[in-house]
Amino acid sequence: MIHLAPHFVPRGVSGPLLATARPAILHLIDELQVGGAQTHLVSMLREARARFDVDHRVVVLFGDGPVGGQLREMGIEVDVLDLRPHLGRRRFLAASRILADLMREHRPDLVEAHLTWSRLLGLYAAWREGVPRRIGFEQGDVYLNSWKFRVANQIGQHFAERIVVCSEALADWNRRTHGISLARLEVMHCCIDLDRFQPRQGGPAPIVFGLPAGTTVFGAVGTLGRGVNKRTDVAIRAVAAARSMGGNVGLVICGDGEQRAELEALAEGLGIAGFVPFLGTRADIPEILASCDAFCHAAPFEPFGIVCIEAMAVGLPVVVPNSGGIREAVDDGVTGLIYEALDHEALARHMIRLHERPDLRRSMGEAGRLAAIERFSVGDYVDRLYRLYGLDRRAS
């Protein structure tokens, strides 16, 4: 693990790191729609506010969204910008100057930038303003890999003290694709709030999905968009294959996007529409997962996959492909099962196996819950992150 020197003195700054009476962190993020990076930010902020005596402020680059309401409910100030007109006209320096003006007004001790544009524009602005510490987060904009983005990221790394990536697979991708030095990368697997994700265990009645009794219900959560394609079609085809082989399985899909109509038509065409309910975007993901019997994922390269460890935390066995960072979360045969990426028949065989073996579902779910507690706790993550920042001031 790479650590910064505890008393690193940045450009134009003297004295110990974050030595102000009450350090201030400015969090930049591209958008506040529901997504993995946004969920991660909310979990981190909720935990950090409980543990550390720090002022937090969030700046969003491209308009407000549902997550903005969650942040405000926590008492966090949110500055909403819309830099899209500047980007549309390729006025990147003008967009960066707007962020620099905000930093000059708020004078943060640390700028934390999530997602691509926040890193490229925000960390440059922070560097120009002499912000003492500048940290970028890369959680998987792997579809932004044109030569322009590759060059921008290669240059942009020099404005960050560290770039936190959510998996070893993503670190390797950044090194190969963007030319980012491994010395600047810090691998930290994503975290979850374990208080929110709990096994059902005799609590409230499970959510009813309208599937016939005896159906082994697999859950799938994620966008149904094209930019980030989770390949939900593979999971739908797997259900059809499993049912054709006698496996009484169904698939509950949470998420929305421009692919939804096509995916619904695919399920209809395969004759399994009654076993593949589409729930749309939901705010009750913990309860939905806890009402399923298992979880499956089909994206060929997932930088990490927070929903996978959420499913583990509620005690579900997880079935994931053998590629990307999501593979790093699963102990094959212990906490879940791994299959060849994009092979829907291999996924179908795992579905059948879990359908036929309730005991295996139970043992893997218990092992997964324990792994989530030991490896992916938000408390441990935030403690490690703030040590990286050189900040150990506890909240009173």
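Here the structure is a predicted model, which means the values were calculated and not measured.

Per the secondary structure count, the protein includes 14 helices and 13 strands. Relative to the 2.2 N^0.38 estimate, which gives 21 Å for 396 residues, the radius of gyration of the protein is 22 Å and therefore close to what a compact globule would have. For the protein, the C-alpha atoms occupy an extent of roughly 70 × 45 × 35 Å along the three principal directions. The contacts in the protein between residues at least 6 apart in sequence include a share of 72% that link residues at least 24 apart. Put simply, the protein shows about 16600 Å² of open surface, and 49% of that area lies on carbon and sulfur atoms. In the protein, 45 positive and 47 negative side-chain charges are present, and the distance between their average locations comes to 5 Å.

Time to look at the pairing of strand β13 (residues 336–339). Every second residue of β13 is oriented toward a common face, with Gly-336 and Ile-338 on one face and Leu-337 and Tyr-339 on the other, all of them buried. Bridge analysis of strand β12 (residues 318–321) against β13 gives four bridges, and the strand direction is parallel. Bridge pairing links Val-319 to Leu-337 in β13.

Here we come to the packing of helix α8 (residues 232–244) against helix α9 (residues 260–269). Contact pair α8 / α9: the axes reach a minimum separation of 10 Å and the direction vectors enclose 15°. Between α8 and α9, the angle falls in the class roughly parallel. Judged by the twist between their axes, the crossing of α8 over α9 is right-handed. Of α9, the residues touching α8 (which contributes Thr-232, Asp-233, Ile-236 and Arg-237) are Leu-263, Leu-266 and Ala-267. A breakdown of the residues in the contact of α8 with α9 according to their chemical character gives four nonpolar, one polar and two charged.

Helix length check: α8 (13 residues) gives 19 Å between terminal C-alpha atoms against 18 Å at 1.5 Å per residue, within 8%. Counting buried residues along α8, ten of its 13 residues qualify, which places the element largely inside the surrounding structure. Thr-232, Asp-233, Val-234, Ala-235, Ile-236, Ala-238, Val-239, Ala-240, Ala-241 and Ala-242 are the residues of α8 that are buried. Packing partners of the buried residues in α8 comprise β9 (249–254), α9, β10 (278–280), β11 (294–296) and α12 (344–356). Just downstream of α8 lies Gly-246, where phi reads positive at about 95°.

The next subject is the nonpolar core. In this structure, Leu-83, Leu-99, Met-103 and Leu-289 are the most contacted members of the largest nonpolar core, which totals 66 residues. The element that contributes the greatest number of residues to this core is helix α11 (residues 306–313), accounting for seven residues. Residues contacting Leu-83, with those up to four places away along its chain left out, are Leu-61, Phe-62, Ala-95, Ile-98, Leu-99 and Leu-121. Core analysis: the second largest hydrophobic core is formed by 34 residues, Ala-220, Ala-241, Ala-298 and Leu-347 among them.

The subject of this paragraph is the pattern of salt bridges. If charged atoms from side chains of opposite charge come close, those side chains can pair. What the rule picks out here adds up to 21 salt bridges. Across the pair Glu-138 and Arg-119 runs a salt bridge whose closest N-O atoms are separated by 3.0 Å. Pair noted here: Glu-138 is in strand β5 (residues 133–138) and Arg-119 is in helix α5 (residues 116–128), with a separation of 19 residues, a long-range link. Side by side, Glu-138 and Arg-119 carry an identical accessibility label, which is buried. Linked through salt bridges whose partners overlap, the residues forming this network are Arg-22, Asp-53 and Asp-55.

Let's shift gears to the environment of Ala-95. Here Ala-95 shows up in helix α4 (residues 92–106). Expressed as a C-alpha distance, the spacing of Ala-95 and Leu-81, which sit 14 residues apart in the sequence, is 10.0 Å. Excluding residues within four positions of it along the chain, Ala-95 makes contact with Leu-83, His-86, Leu-87 and Leu-121.

Looking now at unusual backbone geometry. With phi around 55°, Arg-231 is a residue other than glycine that occupies positive phi space. Mapped onto the elements of the fold, Arg-231 is located in the loop between β8 (216–221) and α8. Judged by relative accessible area, which is 26%, Arg-231 ranks as partly exposed.

Taken as a whole and assessed by the stated rule, the structure comprises three cavities of 30 Å³ or more. By volume, the largest cavity is sized at about 110 Å³. Lining the largest cavity are 15 residues, with Ala-220, Val-221, Lys-230, Thr-232 and His-297 sitting closest to its centre. Of all elements in the fold, only β8, α8 and β9 reach the threshold of two or more residues within the lining of the largest cavity.

What follows deals with the packing of α4 against α5. Contact pair α4 / α5: the axes reach a minimum separation of 8 Å and the direction vectors enclose 60°. By the angle between their axes, α4 is oblique relative to α5. As for how α4 packs across α5, the hand of that crossing is right-handed. Of the residues in α5, those in contact with Phe-92, Leu-93, Ala-95, Ser-96, Leu-99, Ala-100 and Met-103 of α4 are Trp-117, Leu-121, Gly-122, Tyr-124, Ala-125 and Ala-126.

Before going further, it helps to examine the state of the cysteines. Under the definition given, this model contains zero disulfides. Not engaged in a disulfide, the cysteine Cys-191 finds its nearest cysteine sulfur in Cys-190; these two sulfurs lie 6.9 Å apart. The thiol sulfur of Cys-292 is not disulfide-bonded, and the nearest other cysteine sulfur, from Cys-254, lies at 7.3 Å.

What counts, and at which threshold
Residues numbered from 1 in each chain as written. Predicted model: local features only at pLDDT ≥ 70, side-chain atom pairs only at ≥ 80, totals over all residues. Heavy atoms only, no water. Helix = DSSP H or I, 4+ residues; strand = E, 2+ residues; numbered from the N terminus. Rg over C-alpha atoms; globule rule 2.2 N^0.38 Å. Contact = heavy atoms within 4.5 Å. Areas by Shrake-Rupley, 256 points an atom, 1.4 Å probe, with all protein chains shown as cover. Lys, Arg positive; Asp, Glu negative; His and termini not counted. Charge placed at Lys NZ, Arg CZ, Asp CG, Glu CD. Buried < 20%, exposed > 50% of the residue type's maximum accessible area, 1.4 Å probe, protein only. Pairing = 2+ DSSP bridges. Axes fitted to C-alpha atoms, helices over the stretch in contact; angles between N-to-C directions. Parallel < 35°, antiparallel > 145°, perpendicular 65-115°, else oblique. Left-handed = near helix turned anticlockwise from the far one by under 90°. Nonpolar A, V, L, I, M, F, W, Y, C, P; charged D, E, K, R; others polar. Expected span 1.5 Å × (residues − 1). Core = buried A, V, L, I, M, F, W, Y, C linked by side-chain atoms within 4.5 Å. Salt bridge = Lys/Arg side-chain N within 4 Å of Asp/Glu carboxyl O. 1 Å grid on protein atoms, 1.4 Å probe; cavity = no way out; pocket = protein on both sides within 12 Å on 5 of 7 lines; lining within 4 Å. Points joined across faces, edges and corners; volume = space filled by probe spheres on them. Disulfide = S-S within 2.5 Å.

Everything listed here is a matter of geometry and, on its own, says nothing about what the molecule does.
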